[in-house]
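# Descriptive analysis of the structure
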Amino acid sequence: MTRAAPESCRHLYMSSWRADCNRASLTRLHRQTYARLYPVLLVKQDGSTIHIRYPEPRRMLTMPVDLDSLSPEERRARLRKREGQLREKEEEPELGDDFDVERYKQFWTKK
């Protein structure tokens, strides 16, 4: 036989078994996905747009284009555009340095 606590004292110092505000203040919430979802504009392959809820704050998401569904001319144009981005940029010519170390040597040597 167990003795029950009076109704007025039952919830004085007991914390709920669920994740309440007290538990969240002590540790982080251990979730795979968080409750906060952000409104994001999704652009589909055909150019249509829809508003979705996304776990990361972004303005716009674009769906990738399937290269197999493109015509050969469009595919070549996209590949040429991609190659232009991958090319190494020309290095800028190194500027001549006329700094004379001996002129300022007096400032960092002890006397």
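Quick notes on the rules
Residues numbered from 1 in each chain as written. Predicted model: local features only at pLDDT ≥ 70, side-chain atom pairs only at ≥ 80, totals over all residues. Heavy atoms only, no water. Pairing = 2+ DSSP bridges. Helix = DSSP H or I, 4+ residues; strand = E, 2+ residues; numbered from the N terminus. pLDDT = per-residue confidence, 0-100. Patch = residues over 30% accessible without salt bridge, like charges linked within 9 Å, V, L, I, M, F, W, Y side chains within 5 Å. Areas by Shrake-Rupley, 256 points an atom, 1.4 Å probe, with all protein chains shown as cover. Salt bridge = Lys/Arg side-chain N within 4 Å of Asp/Glu carboxyl O. Buried < 20%, exposed > 50% of the residue type's maximum accessible area, 1.4 Å probe, protein only.

Below, the discussion takes up the pairing of strand 1 (residues 38-43). One ladder, built from six bridges, connects strand 1 with strand 2 (residues 49-54); its direction is antiparallel. Pairing of Leu42 across the sheet is with Ile50, part of strand 2. Where strand 1 hands over to strand 2, the hairpin turn is made up of five residues, of which Gly47 adopts a positive phi near 100 degrees. Note that strand 1 and strand 3 (residues 60-62) share three bridges and pair parallel. Of the residues in strand 3, the one forming a bridge with Leu42 is Leu61.

The next thing to look at is the confidence of the model for the protein. Model confidence for the protein is summarised by a mean pLDDT of 76, while 67% of its residues fall at 70 or above. For the protein, per-element mean pLDDT is lowest for helix 1 (residues 21-26), which scores 59, and highest for strand 1, which scores 93.

Taken together, Phe99, Val101, Tyr104, Phe107 and Trp108 make up a surface patch of nonpolar side chains, about 580 Å² in accessible area. Within the secondary structure, Trp108 sits in the segment after helix 3 (101-104). According to the relative accessible area criterion, Trp108 is exposed, its value standing at 53%.

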